[in-house]
Amino acid sequence: MFEFFSNSIENLKKTVAKTTQTLVGNVVETVGEEEEFSEFVLDDMEDMLISADLGVSYAAELVDKLRNQTKIKPSVVKDYLRDEFSKTLNSAGSNRLSYKENELNIYFISGVNGVGKTTLIGKLAYKFKQEGKRTLVAAADTFRAAAEEQLDIWSKRAGAEIVRRDKADPASVVYEAIQKAKNENFDVILVDTAGRLQNKFNLMEELSKIKTVIDKQAPEALRECILVLDANTGQNGLQQARVFKDSIDLTSVALTKLDGSAKGAIIIAIAKELSLPVKLIGVGEQMADLKEFNSNDFLEALFS
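Since the structure is predicted, the reported quantities are computational estimates derived from the model, not experimental observations.

With that settled, consider the packing of aromatic side chains. For the structure shown, the criterion picks out five aromatic pairs. Taken together, a centroid distance of 6.0 Å and an interplanar angle of 50° make the contact between F85 and F303 tilted. Residue F85 is located in helix 5 (residues 77-91), and its partner F303 is located in helix 12 (residues 295-303); the two are separated by 218 residues in the primary sequence. Residue F85 is classed as buried on the basis of its relative accessible area, which comes to 0%. The structure contains a cluster of three or more aromatic residues connected by ring pairs, namely Y58, F85 and F303. Directly above the ring of F186 sits R134, whose terminal nitrogen or CZ lies 4.0 Å from the centroid. Of note, R157 hangs over the ring of W154, and the distance from its end group to the ring centre comes to 4.5 Å.

Below, the structure is given as structure tokens:
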């Protein structure tokens, strides 16, 4: 398994600083010095957790656990939240990106337009190439010529090869990429896909067709179905995730634009609502600014 560039806790603290304040800081500052959890205090706490994009149902669940009990005091609310978040993140599954040595590894990348999907694919291709993996990009978003051009530029920058056929059937592009990868002993295929939610039915049909091609031509090679979300969309990202999960068997999430976002709580909300682990986070514009997500490090940065 390849190793991503290290992301120190100090760097991660800076990345999630705004999320720390909205999700943890505001709650602790408001609740921490109270003697008991009154209804007034609990209502305030619930409102703050919802405002931090944790989700209405999860925020209510966390607060309900504090009602009619005396063991947990407001002074330890920080520890309480950390323990609960840890359970939620761990229950969603491993944060390690699946990869098998000496085999073909396919990564099916989906997400709506504008979330940074193409950029993430370029950065992921770069990571694999840095580890000496032969990497092939399948440009299966054939509807937008600009998408293919952008992906071509990122692929060249990353040192990866690309299969692109402007205006061709997306599934046929993926089929060609799989055959090329098998014949030429590639280690990795990164499949880009369209993200036109305004025509949801056609998009989901297209994604399902691509998935069928992979299942038929290289079922043992499909490592991840990754949904790319923009951290700044907050709860709207959950709605996007539900749409894609209904069509393809998602295995994980990549969260872009986490740096500077106050809505990083979406990482926990996704784990809670959809039982999907976040495996990759984008924290900047540079090639190396794609990190492998680690829930323990995330919590350490969030609560320290």
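Time to look at helix 8 (residues 170-184). Between its terminal C-alpha atoms helix 8 stretches 21 Å, which fits the 21 Å expected from 15 residues at 1.5 Å a residue. Buried within helix 8 we find P170, A171, V173, V174, A177, I178 and A181. Down the axis of helix 8, the buried set is contained in an arc of 155°. They therefore lie on one face. The inward-facing, buried residues of helix 8 contact strand 1 (105-110), strand 2 (135-139), strand 3 (161-163), strand 4 (188-192) and helix 9 (200-217). Just downstream of helix 8, N185 is the residue with a positive phi angle, here 60°.

Positive phi values are uncommon outside glycine, yet D53 reaches one of about 70°. Turning to its location among the elements, D53 is positioned in the loop between helix 3 (39-51) and helix 4 (56-64). The phi angle at N185 is positive, at roughly 60°, despite the residue not being glycine. Within the secondary structure layout, N185 lies in the loop between helix 8 and strand 4. Take N185: its relative accessible area is 59%, and that puts it in the exposed class.

Quick look at helix 6 (residues 117-130) now. An ideal rise of 1.5 Å per residue puts 20 Å on 14 residues; helix 6 measures up with 20 Å between its terminal C-alpha atoms. Across the 14 residues of helix 6, ten count as buried, placing the element largely inside the fold. Buried residues of helix 6: K117, T118, L120, I121, G122, K123, L124, A125, K127 and F128, and no others. A positive backbone phi angle near 80° is found at G132, which sits one or two residues after helix 6.

About the criteria used
Residues numbered from 1 in each chain as written. Predicted model: local features only at pLDDT ≥ 70, side-chain atom pairs only at ≥ 80, totals over all residues. Heavy atoms only, no water. Phe/Tyr/Trp six-rings, centres within 6.5 Å; stacked < 30°, edge-to-face > 60°. Helix = DSSP H or I, 4+ residues; strand = E, 2+ residues; numbered from the N terminus. Buried < 20%, exposed > 50% of the residue type's maximum accessible area, 1.4 Å probe, protein only. Lys NZ or Arg CZ within 6 Å of the ring centre and 35° of its normal. Expected span 1.5 Å × (residues − 1). Arc of directions from axis to C-beta. Contact = heavy atoms within 4.5 Å.

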